[in-house]
Amino acid sequence: NEEGLDCVRRMVAAAEKLGELVDALLHLSRITRAEVRRQPVDISALAAELVGELWEGAPERQVTVEVAPGLTVRADPVLTRALLQNLLSNAWKYTRGNPDARIEVGPCAVDGRPGFFVRDNGVGFDASQLEKALKPFQRLHSESDFPGTGIGLALVQRILRRHGGRIWAESAPGQGATFTFTFGERGAAP
């Protein structure tokens, strides 16, 4: 009957969600153990490639994306890809309801050292909640509004820690978010 089918649908959805969480936890574990192999990484080219992949998945989206040219860092290329993929995917996801969606990737200086930012004009969040968002499986927005595992920012933070870097954010509800990050002293441009 319909009640039984509804119960089965909910069990299947819960099992799929559990599978996603286990996969995310395994990915987080691999990142934590992977050896960091620093080499020159073209952040600009990598960001452009990742944005292209996001557009392939949602060609109907109208998003203005600006990636500053010439952004480079000395870091692990696989880990850097995972870091940028998470930050750009979040920016893409949280600008979904904005008809004038905008995402930027650019350089900045942090205590005289090179840093980078990913900025969007999406829904934003209370920046005082960032520490919560940097913990695995913690979310600042409801799963029904913005699906996900709650692992992305925790993964980003661990990648940056492995490089001796850090991440922080400026944001407010309805005002978008800017995530600024560094790769540590050895992450200077090649």
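As the structure is a computational prediction, the values presented were derived from the model and not from experiment.

Draft legend 1. Inspection of the overall build of the protein at higher detail. For the protein, the helix and strand inventory stands at five helices and seven strands. In the protein, the succession of α and β elements from N to C terminus is α-β-α-β-β-α-β-β-α-α-β-β. Buried residues in the protein amount to 42% of all 190 residues. Counted over contacts in the protein with a minimum sequence separation of 6, partners at least 24 positions apart contribute 69%.

Draft legend 2. A look at the sheet that holds strand β2 (residues 63–67). With mixed pairing, the five strands of this open sheet are ordered in space as β2-β4-β5-β7-β6. The two strands at the open ends of the sheet, each matched to only one other strand, are β2 and β6 (166–171). On average, each strand axis in the sheet is tilted by 20° relative to the strand beside it, whichever way the strands run. Of the strand pairs in this sheet, strand β5 (residues 113–120) and strand β7 (residues 177–182) are connected by five bridges, and their pairing is antiparallel. Bridge assignment links V118 to a residue of β7, and that residue is F179. Seen against the sheet, helix α3 (residues 77–94) touches β2, β4 (101–110), β5, β6 and β7 and runs at an angle of roughly 30° to β5. Where helix α5 (residues 152–162) meets the sheet, its contacts fall on β6 and β7, and the angle it forms with β6 comes to roughly 140°.

Draft legend 3. Up close: the side chain of N86. Within the secondary structure layout, N86 lies in helix α3. Taking the relative accessible area as the measure of exposure, N86 reaches 18% and is therefore buried. With residues near it in sequence (within four places) discarded, N86 still touches G152, L155 and V156.

Draft legend 4. Inspection of the packing of α3 against α5 at higher detail. α5 packs onto α3 with a crossing angle of 145° between their chain directions and a minimal axis gap of 9 Å. Crossing of α3 against α5: the hand is left-handed. Where α3 approaches α5, its residues L79, A82, L83, N86, L87 and N90 are matched on the opposing element by G152, L153, L155, V156, I159 and L160. Residue composition of the contact of α3 with α5, grouped by class: nine nonpolar, three polar and no charged.

Draft legend 5. Here's a closer look at the pattern of salt bridges. In the structure shown here, the tally under the stated rule is seven salt bridges. Its salt-bridge partner being E35, residue R37 comes within 3.6 Å of it at the nearest N-O pair. Its salt-bridge partner being E66, residue R102 comes within 2.6 Å of it at the nearest N-O pair. Here E66 lies in strand β2 and R102 lies in strand β4, a separation of 36 residues in the sequence. When its relative accessible area of 28% is taken as the criterion, R102 is described as partly exposed. Several salt bridges share partner residues, and in doing so they unite E66, R102, E104 and R119 into one network.

Draft legend 6. Region of the structure containing α3. The end-to-end C-alpha distance of α3, which contains 18 residues, comes to 26 Å, matching closely the 26 Å that a straight helix rising 1.5 Å per residue would cover. In terms of burial, α3 is largely enclosed, as 13 of its 18 residues are buried. One side-chain oxygen of the residue at the start of α3 lies 3.0 Å from the amide nitrogen of V78, identifying that residue as D76.

Draft legend 7. Just unusual backbone geometry, in detail. Phi at D111 is positive, roughly 50°, even though this residue is not glycine. By the secondary structure assignment, D111 is in the loop between β4 and β5. Judged by relative accessible area, D111 falls into the exposed class, the value being 67%.

So, how was this worked out
- Residues numbered from 1 in each chain as written.
- Predicted model: local features only at pLDDT ≥ 70, side-chain atom pairs only at ≥ 80, totals over all residues.
- Heavy atoms only, no water.
- Helix = DSSP H or I, 4+ residues; strand = E, 2+ residues; numbered from the N terminus.
- Buried < 20%, exposed > 50% of the residue type's maximum accessible area, 1.4 Å probe, protein only.
- Contact = heavy atoms within 4.5 Å.
- Pairing = 2+ DSSP bridges.
- Axes fitted to C-alpha atoms, helices over the stretch in contact; angles between N-to-C directions.
- Left-handed = near helix turned anticlockwise from the far one by under 90°.
- Nonpolar A, V, L, I, M, F, W, Y, C, P; charged D, E, K, R; others polar.
- Salt bridge = Lys/Arg side-chain N within 4 Å of Asp/Glu carboxyl O.
- Expected span 1.5 Å × (residues − 1).
- Polar contact = N/O pair within 3.5 Å; in protein donor to acceptor, adjacent residues only side chain to side chain.

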